[in-house]
Amino acid sequence: DAKTTQPTSMDCAEGRAANLPCNHSTISGNEYVYWYRQIHSQGPQYIIHGLKNNETNEMASLIITEDRKSSTLILPHATLRDTAVYYCIGDQGAQKLVFGQGTRLTINP
Amino acid sequence: DAGVIQSPRHEVTEMGQEVTLRCKPISGHNSLFWYRQTMMRGLELLIYFNNNVPIDDSGMPEDRFSAKMPNASFSTLKIQPSEPRDSAVYFCASSSAGVRSYEQYFGPGTRLTVT
């Protein structure tokens, strides 16, 4: 089971790209990395996931290093509504999501 | 789609009372998850069901907690008797089994306060 490490908090200016790092050095070859976020007083929300290749969807981009030991979630044009706790989750198998403490991202006007 | 529906949204009860939390998953989803979130322990998976069958209940803290899923559109999480340390936000989530099973949709949560 891959453990992940994220910074406790980050700040980003509105309109700029927010780059959230995640270390998952123990990840194995067939384990995915998932990203969720939790806006205050709401349930978590799925953002994106990846295995080896970089991924992009309407919410974000996910850049995974070639050795797969780390990844970066990119919000290309952050808005105030992107203020949330962002969770990087290593694949635990069998549909289980194990949420760590995440990164508290604050978007400043 | 209404999303995952949870009730009640807030519950305040006294220690020793029975508490029942309810969840209606998204129609067509066949996996259902119960989570608990506290400041101290973060977000923890309590139990999950596939096709109404409990698959993993290793996160259920103790025998005071029980969960049921009598049909595909309804699940309950019961605490009996409740204790102050059970105070938390309880989330229900659902997903489709198969290749997108990692994409869980969470409800708004039930904030439980046990006094």
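The following paragraphs examine the structure supplied in this document. This one's a predicted model, so the numbers in the text were calculated from it and none came from an experiment.

## Quick notes on the overall build of chain B
Okay, so step 1: The helix and strand tally for chain B stands at zero helices and eleven strands.
Okay, so step 2: Going from the N terminus to the C terminus, chain B shows its helices and strands as β-β-β-β-β-β-β-β-β-β-β.
Okay, so step 3: Against the globule reference of 13 Å for 115 residues, chain B gives a C-alpha radius of gyration of 13 Å, in line with a compact fold.
Okay, so step 4: Principal-axis analysis of the C-alpha atoms places the extent of chain B at approximately 40 × 30 × 25 Å.
Okay, so step 5: At a minimum sequence separation of 6, the contacts of chain B that also span at least 24 residues come to 54%.
Okay, so step 6: When the accessible surface of chain B is totalled, it reaches about 5,700 Å², and 51% of it is carbon and sulfur.

## Things to note about the side chain of Gln6 of chain A
All names here are of chain A.
Okay, so step 1: Position of Gln6 relative to the elements: it lies in the segment before strand 1 (9-13).
Okay, so step 2: Overall, Gln6 belongs to the buried group, its relative accessible area being 16%.
Okay, so step 3: A polar side-chain atom of Gln6 sits 2.9 Å from the main-chain amide nitrogen of Cys88.
Okay, so step 4: Here Thr103 takes part through its side chain, which lies 3.5 Å from a polar atom of the side chain of Gln6.
Okay, so step 5: Each residue touching Gln6, except ones within four places of it in the same chain, is listed here: Pro21, Cys22, Trp35, Tyr86, Tyr87, Cys88, Gly102 and Thr103.

## Thoughts on unusual backbone geometry
Okay, so step 1: In this model, Ser7 of chain B is joined to Pro8 of chain B through a cis peptide bond whose omega is -10°.
Okay, so step 2: Tracing the chain through its elements places Pro8 of chain B in the loop between strand 1 (5-7) and strand 2 (10-13).
Okay, so step 3: Here the residue pair Gln80 of chain B and Pro81 of chain B is connected by a cis peptide bond, since its omega of -5° sits within 30 degrees of zero.
Okay, so step 4: Along the polypeptide, Pro81 of chain B turns up in the loop between strand 8 (74-79) and strand 9 (88-95).
Okay, so step 5: The phi dihedral of Ser41 of chain A falls on the positive side, at around 70°, and the residue is not glycine.

Each value, and the rule that gives it
- Residues numbered from 1 in each chain as written.
- Chains lettered and ligands numbered in written order.
- Predicted model: local features only at pLDDT ≥ 70, side-chain atom pairs only at ≥ 80, totals over all residues.
- Heavy atoms only, no water.
- Helix = DSSP H or I, 4+ residues; strand = E, 2+ residues; numbered from the N terminus.
- Rg over C-alpha atoms; globule rule 2.2 N^0.38 Å.
- Contact = heavy atoms within 4.5 Å.
- Areas by Shrake-Rupley, 256 points an atom, 1.4 Å probe, with all protein chains shown as cover.
- Buried < 20%, exposed > 50% of the residue type's maximum accessible area, 1.4 Å probe, protein only.
- Polar contact = N/O pair within 3.5 Å; in protein donor to acceptor, adjacent residues only side chain to side chain.

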